[in-house]
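So the chains spell out like this:
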Amino acid sequence: MTIGSTKATIDLKQVVLDQPPLIENGRTLVPFRFIGEALGAQIGWNPTNRTVSYILGDKNIVLTIGSATAMVNGVKTTLDVAAKILPTGRTVVPVRFISESIGAKVAWNATTRMVTVTMAATLDVGIVLPTKDEPRWLQDQTRFNTALKTAGYDAEILFSQGSSAIEKQNVEALITKGIKVLILCPQDATAAAAAADEARAAGIKVISYDRLILNTSAVDYYVTFDSISVGKAQAQYLVDKTTGTKNPLYLYAGAASDNNAFLFFEGAWDVLQPKIADGTFVIENSSEAVALQGKATLTRAEMAKIIGQITTNWDFTVAKNLAEANLTMATAGKKGNVFILAPNDGTARSIADAFAADKDVKSYVITGQDAEIPSVQYIIDGKQSMTVFKDVRTLVKDASAAAVDYLTGKTPEKTTTYNNGKIDVPAKPSAVISVDKSNVVAALITSGYYPASDFTGLP
């Protein structure tokens, strides 16, 4: 707010006041209703005894028009300047008294004659997750809320819905709410660097969650599963199910903007490449992979060429359309008993549906990850072969513990580091488990991860 001006801003949004702030006896008076609503307080006016009131949380503030005495939670307080009704009929109140009584901070710039009111931090932790449209992230939301509340800290969880722009807006919104720790799962690993930089500039600790934020020094810690081990587990499952040679192999990957997609593929290629080189597998849907099939180790640029051809973008529809396009181009001889590297459960179900609908596909073995309920049911029903179980209870627990460490002045435990293109980020990766029909009950039901009632036909 600026003295004498009807223009003001609330959370960077411009508003117009019906009465400009003014100075009386060296104290700033502002519109009664405006300051209350801006601070989120419940306001009241009693015309009988000519009092105005504010209620916010455990604060109850009452001022009497024309009186230098006010009440804060029933205790009398003397004001430097009284609330008053102007000739215009508008009520004004002392901004510093109201703001500081509620718990906000007031700053005065004598040069610009501007008054800034900032609410004290009400949030300890801000969490930004990629989307509400995948069960995995809704599970994380529930578990984060429980873990941090149990630890005694307040948190707010926002979703980016597949948009880096929304992700950045979410981070900025959490910064304005005074968070001390940001847990961010980036939609785009590189684009998220700008949001991390903003958080660091505000003095906030940044935890990169599940996916590594790239090309910034503003990442304090990385909580993840061993992503290379995920790819290895998926590929090893395919290898273990093969017999003979010239088995058709279809490769699919996550989003090219996600660093994890490269790590998953790196792990899978490490296991698959020797079996491609010896003729156990024949790649059927990527000319880039065929061109590089003689190389045991790929550079990131080489992986990017392959992923560019086989990316699902972590999107179910994209995955299904790509699988159908691959099958349309493939001759019957390139189908039969096929092996499919699918990057996660959501894309695995879409790809499996496409292969199951093709009359030339006699059987398929297909991978996944995340142990989503729909995919666990697919595994029970024989529609998906396996999933890599990443116990998000462990991941959420580790991320929450790291946040609490930062909030209490400690440093989270590290067992390794991951280079994000700028720095080596401390991390403590969690283990993963391969799950198929043979161990689905032990891994997911007996362990308490899911109740048996979530499924039908359990073995």
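Residues numbered from 1 in each chain as written. Predicted model: local features only at pLDDT ≥ 70, side-chain atom pairs only at ≥ 80, totals over all residues. Heavy atoms only, no water.

A short note on the overall build of the chain
Link 1 in the chain: Scanning the chain for helices and strands turns up 14 helices and 26 strands.
Link 2 in the chain: The C-alpha atoms of the chain give 29 Å as radius of gyration, which overshoots the globular expectation for 459 residues (23 Å, by more than 25%).
Link 3 in the chain: Oriented by its inertia axes, the alpha-carbon framework of the chain measures out at about 95 × 45 × 40 Å.
Link 4 in the chain: When burial is assessed residue by residue, the chain has 49% of its 459 residues classed as buried.
Link 5 in the chain: On the chain, roughly 20200 Å² of surface is accessible, and the fraction owed to carbon and sulfur atoms is 51%.
Link 6 in the chain: Within the chain, the 45 negative side-chain charges are centred at a point lying 5 Å from the centre of the 44 positive side-chain charges. (Helix = DSSP H or I, 4+ residues; strand = E, 2+ residues; numbered from the N terminus. Rg over C-alpha atoms; globule rule 2.2 N^0.38 Å. Buried < 20%, exposed > 50% of the residue type's maximum accessible area, 1.4 Å probe, protein only. Areas by Shrake-Rupley, 256 points an atom, 1.4 Å probe, with all protein chains shown as cover. Lys, Arg positive; Asp, Glu negative; His and termini not counted. Charge placed at Lys NZ, Arg CZ, Asp CG, Glu CD.)

Some remarks on the UniProt feature "domain: Periplasmic binding protein" (unreviewed entry) in the chain
Link 1 in the chain: Mapped onto this numbering, the UniProt entry annotates "domain: Periplasmic binding protein" (unreviewed entry) at residues 125-410.
Link 2 in the chain: Here residues 125-410 runs as 49% helix and 16% strand, with 15 Å between its end C-alpha atoms. (UniProt positions renumbered as here; feature names shortened; annotations may be inferred.)

Let's talk about the environment of G244
Link 1 in the chain: For G244, the location among the structural elements is in the loop between α6 (227-240) and β19 (247-251).
Link 2 in the chain: The spatial distance from the C-alpha of G244 to the C-alpha of G279 is 8.9 Å, given a sequence separation of 35 residues.

A closer look at the sheet that holds strand β3 (residues 22-24)
Each strand in a sheet pairs with another by means of backbone hydrogen bonds, the pair being arranged parallel or else antiparallel.
Link 1 in the chain: Here we have four strands laid out as an open sheet, ordered β3-β4-β11-β10, and antiparallel in their pairing. If you trace the sheet from one side to the other, it starts and ends with β3 and β10 (84-85), each paired once.
Link 2 in the chain: Where strand β4 (residues 27-31) lies against strand β11 (residues 91-94), three bridges are found, and the strand directions are antiparallel. In the strand pairing of β11, L29 is matched with P94.
Link 3 in the chain: Packed onto the sheet, helix α2 (residues 95-102) meets β4 and β11 and runs at close to 65 degrees relative to β11. (Pairing = 2+ DSSP bridges. Contact = heavy atoms within 4.5 Å. Axes fitted to C-alpha atoms, helices over the stretch in contact; angles between N-to-C directions.)

Side note on unusual backbone geometry
Link 1 in the chain: Although it is not a glycine, N313 adopts a positive phi angle of roughly 60 degrees.
Link 2 in the chain: Relative to the assigned elements, N313 resides in the loop between α9 (300-310) and α10 (316-329).
Link 3 in the chain: The backbone phi angle of W314 is positive, close to 60 degrees, even though this residue is not glycine.
Link 4 in the chain: Counting through the fold element by element, W314 comes out in the loop between α9 and α10.
Link 5 in the chain: The class of W314 is buried, set by a relative accessible area of 12%.

Observations concerning the domain arrangement of the chain
Link 1 in the chain: Assigned domains of the chain: these are domain 1 (7-119), domain 2 (125-225 + 393-430) and domain 3 (227-391 + 434-454).
Link 2 in the chain: Here the C-alpha centre of domain 3 lies 62 Å away from the C-alpha centre of domain 1. (Domains from an automatic or database assignment.)

Looking at the sheet that holds strand β20 (residues 281-283)
Link 1 in the chain: Ordered by their spatial adjacency, four strands build an open sheet running β20-β19-β21-β22, and the pairing between neighbours is parallel. Whereas interior strands pair on both sides, the edge strands pair on one side only; in this sheet they are β20 and β22 (361-366). The average angle at which neighbouring strand axes cross in this sheet is 35 degrees, direction not considered.
Link 2 in the chain: Two elements, strand β21 (residues 336-341) and β22, share five bridges in a ladder whose sense is parallel.

Considering the pattern of salt bridges
Link 1 in the chain: Counted by the stated rule, this structure contains 26 salt bridges.
Link 2 in the chain: Ionic pairing is found between E324 and K320, a salt bridge with its closest N-O pair at 2.6 Å. Taken together, the positions of E324 and K320, both in helix α10 and four residues apart, correspond to about one turn of that helix.
Link 3 in the chain: Its relative accessible area of 33% is what places K320 among the partly exposed residues.
Link 4 in the chain: The salt bridge partner of D360 is K335, with a shortest N-O separation of 3.9 Å. With a gap of 25 residues between them, D360 in the loop between α11 (345-356) and β22 and K335 in the loop between α10 and β21 connect regions that are remote in the sequence. (Salt bridge = Lys/Arg side-chain N within 4 Å of Asp/Glu carboxyl O.)

Brief notes about the packing of α6 against helix α7 (residues 259-277)
Helix-helix packing is characterised by the crossing angle of the two axes and by the distance between the axes.
Link 1 in the chain: One can describe the packing of α6 onto α7 by two numbers: an axis separation of 7 Å at closest approach and a directional angle of 35 degrees. Of the two elements, α6 crosses α7, and the hand of that crossing is right-handed. Within the contact between the two elements, α6 uses S227, I228, V230, G231, K232, A235, Q236, L238 and V239 and α7 uses N260, L263, F264, E266, G267, A268, D270, V271, L272 and K275.
Link 2 in the chain: The class makeup of the residues in the contact of α6 with α7 is 10 nonpolar, five polar and four charged. (Left-handed = near helix turned anticlockwise from the far one by under 90°. Nonpolar A, V, L, I, M, F, W, Y, C, P; charged D, E, K, R; others polar.)

Quick notes on helix α13 (residues 392-407)
Link 1 in the chain: Taking 1.5 Å per residue as the helical rise, α13 with its 16 residues ought to reach 22 Å, and the 22 Å between its terminal C-alpha atoms agrees with that figure.
Link 2 in the chain: Within α13 the residues assigned to the buried category are V392, L395, V396, D398, A399, S400, A402, A403, D405 and Y406.
Link 3 in the chain: Where α13 is buried, its residues touch β14 (125-129), α3 (135-151), β16 (181-184), β17 (205-209) and β18 (221-223).
Link 4 in the chain: G409 sits one or two positions beyond α13 and adopts a positive phi of about 80 degrees. (Expected span 1.5 Å × (residues − 1).)

Considering the side chain of D210
Link 1 in the chain: For D210, the location among the structural elements is in the loop between β17 and β18.
Link 2 in the chain: On the basis of relative accessible area, D210 is assigned to the buried category, the value being 4%.
Link 3 in the chain: If sequence neighbours within four positions are ignored, D210 has contacts with R136, W137, C185, Y222, V223, T224, F225, N260, K390 and L395.

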